[in-house]
Amino acid sequence: MSDSVAHTTEAEPLKGRQEETGGPNGRGCAGKVGMAKLSGWRTAAFLLSMFICLSVVFAFSFILPCPVRPQYQSTWNLTLPAAVTYNFLAVGDASKDKVLDVFLIYKSSEGRMNHTCIGEGLSSPCLFLLAVDGTGGQYLWERPLAAEFDWAECGVGGVKGKGGNLCVVAHADKLTAVDIHTGEILWKSSRSLVANGNRPVISLNNDKTNDIAVLSYSTTDTPSVKDLVFFSGKSGEMIGSKVDVGLAPGQMKSHLQFSTASEAQYVLLHTDRGLYAVSLGRLAASALSGLDSTLKRDKSWEQRADNQGLITLYDSGSLQSVLKVRGGYSSSSPSLLLQTNSAVMLFDTQKLSVTWTTNTSTLISTPSFGHFSNDRVPDIMLEEDQKNDTKRVVILDGEKGSVLWELFLPFHFNNPQPASVLTINYYSVFMLWGETHTHTNDTSVEGEERASYLLYPLHSDVLLERRNPAQHIIAFKALLLERGRHACYLILTEEDGALNSSSVLDGTKQVVLTKRKIKGDVSESSVLGVGGAGRLDGDVSLQEESVKEAFYRLRFSDQPQ
């Protein structure tokens, strides 16, 4: 019998061990009870986690409100009767809804939001800085200011973290900073410190505030740079002392703030002798010790500085204008576009030399930038006067300076400069202005029709033409109102003669601000063929439907800077 038991144990050792110990691991019934209790806790934990997950889903789905996307009006008009306006049109998120709103300045005896000049203790007529909702054209706020208007810059100054929340207005004898969100005056400063201060305002970002600086020119017959004055972006108080910029030779024409590839900040000084630069860090340190703590200097630029810190970039008396090339994707150094009376040049700010030069005739508008080819290098659109009331619109390759596209248009009006909006496939939609191509000399100027044109590089053999009544356009801007969405353009117009010879406002005249969605113009436009010689000709009726469909399918992208 014992042999049989031993045989069983030998054949099934695990079974025999379980029988001896009373079950697996020797726990027997007590082990089974422990496992049951553990299984219960696991079930409870699982159900609790499921309950929490469902509660979160329920909260986000039904209790917490979903973000409401702005409801745009594709077109809106804002009319300001008995007013005159200025070449100033700025954008910013005044209502904090992540949609750009519009700022303009006009002159009138009374505002649109129950403000009057007399009621505000100002001489009449006075200035009104007006914020307009970008989605529907409603008034957001209005700030009366003393006349006369000199210049304004929005999106500067303010407290760090809330930077760019000021509109700084130079008017009468004051510099006034207005909060773009509320319209409240945050600070005022006497213009006696910068009696001849000129825009653009220079931004100085330090650790606590986005301070600003204003460059003042001398008042002689041949103005030169005089002083740079720093102001606190938070309080408007002068920081340190005035700084003598240095003697840039020649008559001062303009200035520009510029950031190199190494993020070093410089002030470019354009005179009738050429283009010069001075380090913003050097100027800030001269105003107040330590003010330059966050400002870098570029070694390659500083090697060209003289004893006063003045850097010669381009030495020629033929220089007429200087522009920063905008819209580049490349991580290389940003470029400058230099214009003379007979050529445009691309200036490499890393090599500090001219990359290419293209001969031109007289330019009738400021060059603009966009992407005609998809090499991600900004191309340049120019408008040249060809005499006989004709202009040549040409797009130059930003990398080589060669001609990519050209068009000849009739023009009599003072048209706005061209503009562009970028699409997600790295091409831009270009918008330009001219007269209708059916213009005849028998038509009076009052009866002329102005035309806006849309050009898409993938269909460069055609243009979309939308006819508009003749208007005195003061300012024009093409942009996206929201990141990646709602490509539109803004037009600020004014009737001629709104201010009579005695500086009294004519109550029959008006200012109109118009916003139009770019795609909204497609259905109202006709499709015109662009011939091989750059002339509007040829039958493109068979292409009309496919071309318009291509415009409708466009998706837009934020323009790189």
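These numbers come from a predicted model, not from an experiment.

Draft legend 1. Highlighting the sheet that holds strand S5 (residues 139-145). Strand order in the open sheet made by the four strands is S2-S3-S4-S5, with antiparallel pairing throughout. Pairing within the sheet leaves two strands with one partner each, and these edge strands are strand S2 (84-92) and S5. The sheet shows a mean angle of 20 degrees between the axes of neighbouring strands, direction not considered. By the bridge criterion, six bridges tie strand S4 (residues 126-132) to S5 in an arrangement that is antiparallel. Opposite leucine 127, over in S5, you have leucine 145 as the bridge partner.

Draft legend 2. View of the packing of aromatic side chains. Tallied over the full model, the rule gives 11 aromatic pairs. Relative to tryptophan 141, the ring of phenylalanine 103 lies with its centre 6.0 Å away and its plane at 40 degrees, an arrangement referred to as tilted. Of this pair, phenylalanine 103 sits in strand S3 (residues 101-108) while tryptophan 141 is found in strand S5, placing the two residues 38 residues apart along the sequence. For phenylalanine 103, a relative accessible area of 0% translates into the label buried. The buried category is assigned to tryptophan 141, whose relative accessible area is 6%. Members of the aromatic cluster, connected to one another through ring pairs, are Tyr86, Phe88 and Phe149. Directly above the aromatic system of tyrosine 426 lies the positively charged group of arginine 376, at a separation of 3.8 Å from the ring centroid.

Draft legend 3. Just the nonpolar core, in detail. Counting 25 residues, the largest nonpolar core has Phe476 and Phe551 as its most contacted members. Elements with a minimum of two residues in this core: strand S26 (419-422), strand S27 (428-435), strand S29 (462-469), strand S30 (473-482), strand S31 (485-494) and helix H6 (544-552). In terms of residue count, S30 provides more of this core than any other element does, four residues in total. Each residue touching phenylalanine 551, except ones within four places of it in the same chain, is listed here: Val429, Leu454, Leu455, Tyr456, Leu464, Lys519 and Val522. Counting 23 residues, the second largest nonpolar core, distinct from the first, contains Tyr106, Cys488, Leu492 and Val511.

Draft legend 4. Broad picture of the state of the cysteines. Taken as a whole, this structure holds two disulfides when the rule is applied. Between the sulfur of cysteine 117 and that of cysteine 126 lies a disulfide, 2.1 Å long from S to S. Because the torsion about its S-S bond is -90 degrees, the bridge between cysteine 117 and cysteine 126 counts as left-handed. Across the pair, exposure class does not vary: cysteine 117 and cysteine 126 are buried alike. Numbered by order of appearance in the sequence, the disulfide-linked cysteines of the protein chain pair as 1-2, 3-4.

Draft legend 5. Spotlight on unusual backbone geometry. A cis amide bond links serine 124 with the next residue in sequence, proline 125, at an omega value of 0 degrees. Structurally, proline 125 can be placed in the loop between S3 and S4. That bond from alanine 147 to glutamate 148 is cis: its omega, 10 degrees, falls within 30 degrees of zero. Mapped onto the secondary structure, glutamate 148 falls in the loop between S5 and strand S6 (149-156). Here asparagine 114, not a glycine, exhibits a phi torsion of approximately 65 degrees, which is positive. Positionally, asparagine 114 belongs in the loop between S3 and S4. Its identity as a non-glycine residue notwithstanding, asparagine 388 has a phi of 50 degrees, on the positive side.

Draft legend 6. Molecular detail of the environment of arginine 555. Note that arginine 555 resides in the segment after H6. Separated by 133 residues in the primary sequence, arginine 555 and leucine 422 place their C-alpha atoms 8.8 Å from one another. In this structure, arginine 555 is in contact with Thr423, Ile424 and Lys519, ignoring residues within four places of it in sequence. One polar contact links the side chain of arginine 555 to the main-chain carbonyl oxygen of arginine 553, over a distance of 3.4 Å.

Thresholds, definitions, all that
- Residues numbered from 1 in each chain as written.
- Predicted model: local features only at pLDDT ≥ 70, side-chain atom pairs only at ≥ 80, totals over all residues.
- Heavy atoms only, no water.
- Pairing = 2+ DSSP bridges.
- Helix = DSSP H or I, 4+ residues; strand = E, 2+ residues; numbered from the N terminus.
- Axes fitted to C-alpha atoms, helices over the stretch in contact; angles between N-to-C directions.
- Phe/Tyr/Trp six-rings, centres within 6.5 Å; stacked < 30°, edge-to-face > 60°.
- Buried < 20%, exposed > 50% of the residue type's maximum accessible area, 1.4 Å probe, protein only.
- Lys NZ or Arg CZ within 6 Å of the ring centre and 35° of its normal.
- Core = buried A, V, L, I, M, F, W, Y, C linked by side-chain atoms within 4.5 Å.
- Contact = heavy atoms within 4.5 Å.
- Disulfide = S-S within 2.5 Å.
- Polar contact = N/O pair within 3.5 Å; in protein donor to acceptor, adjacent residues only side chain to side chain.

Worth remembering: the numbers are spatial, not functional.
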